[in-house]
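Structure at a glance
These are the residues of each chain, in order.
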Amino acid sequence: MDKKKIKRALVSVYHKDKLDLIIRKLHSDGVEFLSTGGTQSFIESLDIPCQAVEDLTGYPSILGGRVKTLHPKVFGGILTRRDNEQDNTQIAEYEIPEIDLVIVDLYPFEATVAAGADEATTIEKIDIGGISLIRAAAKNYNDVVIVASQDQYQPLLDLISVNGAETSLEERRWFAKEAFAVSSHYDSAIFNYFDGEEESGFRQSQNDAKVLRYGENPHQRGIFFGNFDTMFEQLQGKEISYNNLLDIDAAVNLINDFDDITFAILKHNNACGIASKPVLVDAWNAALAGDPISAFGGVLITNAIIDKETAEEMNKIFFEVVIAPDYDLEAIEILSQKKNRIILILKDAKSKGKQFRSLLNGVLMQDKDTKTETAEDLKVVTEIAPTAQQIEDLLFANKIVKHSKSNSIVLAKNKQLCASGVGQTSRVDALTHAIDKADAFKIDLNGAVMASDAFFPFPDCVQIAFEAGITAVIQPGGSIKDQDSINTCNTNGVSMVTTGFRHFKH
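Residues numbered from 1 in each chain as written. Predicted model: local features only at pLDDT ≥ 70, side-chain atom pairs only at ≥ 80, totals over all residues. Heavy atoms only, no water.

Before going further, it helps to examine the nonpolar core. One finds Phe 33, Val 74, Ile 78, Leu 101, Val 102, Ile 103 and Ile 146 to be the most contacted residues of the largest nonpolar core, which totals 53 residues. A per-element tally of this core places helix H10 (residues 169-195) first, with seven residues. Every residue in contact with Ile 146, bar those within four places of it in the chain, is listed here: Val 102, Val 104, Leu 133, Ile 134, Ala 137, Ala 138, Phe 175, Ala 176 and Ala 179. Counting 38 residues, the second largest nonpolar core, distinct from the first, contains Ile 240, Ala 271, Leu 395 and Ile 400. (Core = buried A, V, L, I, M, F, W, Y, C linked by side-chain atoms within 4.5 Å. Buried < 20%, exposed > 50% of the residue type's maximum accessible area, 1.4 Å probe, protein only. Helix = DSSP H or I, 4+ residues; strand = E, 2+ residues; numbered from the N terminus. Contact = heavy atoms within 4.5 Å.)

Right, dumping it as structure tokens:
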């Protein structure tokens, strides 16, 4: 028989919201309770009898609460196989009662670490009894139901409200799966705490899984593991896709590097338009002017509150996603006219400092590129130094090239992206693509600056840039032929600064 009756439940939890509903329903179905400390008091406050674990085991809670449930009379009752004759004989011999349901949660280890607690306090939040109960009950799912966190309260309540204190094998196996998700996540957090920066193993755990419409292409399955809602509030729009998520991630990483009022338009993870201006609507118009064709169907992001005037201009083109820290009410009314348009509020959420990707049946991990150059990082290597305005444009362009797919060249003027060449196999190709794009949209490059994500191995790019009207260049430097590029700049009256930092992006 795969249907099992719940006759006795062990309950020991911190979170008690909705627990009363579960306890009352189980009690009405004749279930007996076993508990400890505060949970026992909670159950008894409902006028429901509850046996103390200490009375069952004959031992009190000892070692400052470190040992409460670790006893054969508890674990024997959970792990006994009901259809095993030898198990039945032994539990009868040692007077061990069967336990058919375990409801338990764990000490808040992650929250303690996040709060910056000292090591002694943190260590005490490593749960021993709870994690052991979870593993034991989940292992014996053939006979036992395990509820391992508050997230499973509602599923259990739904189940017993319909079926009473009885479960099927399929239901018990689902709860066991959820329990092992809880225990493995918990152990990963503990390992990462002890491992610190040693990084001797890769342990990442995300419990929130969202099945997407599809992956990068319709024939690929896609799933997002993570809590999107901690970073964003979605005001309206269709379901966010795999490709939307990639663009949203790129957009947030880009905009976080800007302090001035900035508007950016992204397509396929690269900025096709971006500008910083004192007035938001001017930043939008300048960003759009850089490439109004690529902006179609793009992802829009700004670090300023979107007002009515800006929303009216934005609403003239088709775009899929807009991200901002907030919106005026009139702006929302305008932008929400397209019901499928995804409108997001970016919350002040802290991003993780590591990046990882799967490849070659393994995982590649690195520190996130958080380096953003300032004027103090710049080293003038030419006879002519850049002007104050050129330095502002060079730093602006350098932020964009940092977030563009290599090989990448960015051309900018007056804190506006004029054009870029991204994802090219040669730096010359990236530059000529950017120049051709600027010409196509009749953008004047005279007086513009150029940023490169890596050094120039030859002086050809500098010469081509000069001929297009570029007057200042920023690059990491470090090539054995740096002097050739510097000499070309000096010959043509172009200023060049180096940063010492390369920003490859694949």
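Still more ground to cover, so stick around.
Bringing the layout of surface pockets into the picture now. Reported here for the second largest pocket is a volume of approximately 590 Å³. Considering the residues around the second largest pocket, the lining is formed by 28 residues, among which Gly 65, Lys 68, Tyr 107, Asp 127 and Gly 130 are closest to the centre. Mapped by element, the contributors of at least two residues to the lining of the second largest pocket are helix H2 (37-45), helix H7 (119-124) and helix H8 (129-139). Looking at side-chain class alone, the lining of the second largest pocket contains eleven nonpolar, ten polar and seven charged residues. (1 Å grid on protein atoms, 1.4 Å probe; cavity = no way out; pocket = protein on both sides within 12 Å on 5 of 7 lines; lining within 4 Å. Points joined across faces, edges and corners; volume = space filled by probe spheres on them. Nonpolar A, V, L, I, M, F, W, Y, C, P; charged D, E, K, R; others polar.)

Moving on, we get to the packing of helix H1 (residues 19-28) against helix H9 (residues 153-163). The N-to-C vectors of H1 and H9 enclose an angle of 30 degrees; their axes lie 10 Å apart at closest approach. In terms of orientation, H1 lies roughly parallel with respect to H9. The crossing of H1 and H9 is left-handed. Across from Leu 19, Leu 21, Ile 22, Lys 25 and Leu 26 in H1, the residues of H9 making contact are Tyr 153, Leu 156, Leu 157, Ile 160 and Ser 161. Among the residues forming the contact of H1 with H9, the class breakdown is eight nonpolar, one polar and one charged. (Axes fitted to C-alpha atoms, helices over the stretch in contact; angles between N-to-C directions. Parallel < 35°, antiparallel > 145°, perpendicular 65-115°, else oblique. Left-handed = near helix turned anticlockwise from the far one by under 90°.)

For any pair of aromatic rings, geometry is given as the distance between the ring centres together with the angle between the planes. If you walk through the whole model with that rule in mind, you get nine aromatic pairs. Summarising the aromatic geometry, the rings of Tyr 193 and Phe 194 are spaced 5.4 Å apart at their centres and angled 85 degrees between planes, so their arrangement reads as edge-to-face. The exposure class assigned to Tyr 193 is partly exposed, which follows from its relative accessible area of 25%. Here Phe 258 and Phe 396 contribute two aromatic rings whose centre-to-centre distance is 5.7 Å and whose plane-to-plane angle is 65 degrees, an arrangement assigned as edge-to-face. (Phe/Tyr/Trp six-rings, centres within 6.5 Å; stacked < 30°, edge-to-face > 60°.)

Turning next to H8. Of all eleven residues making up H8, eight are buried, and the element is well covered by its neighbours. Residues Gly 129, Gly 130, Ile 131, Leu 133, Ile 134, Ala 136, Ala 137 and Ala 138 constitute the buried set of H8. Contacts made by the buried residues of H8 are with strand S2 (8-12), helix H4 (72-79), strand S5 (101-104), strand S6 (145-147) and H10.

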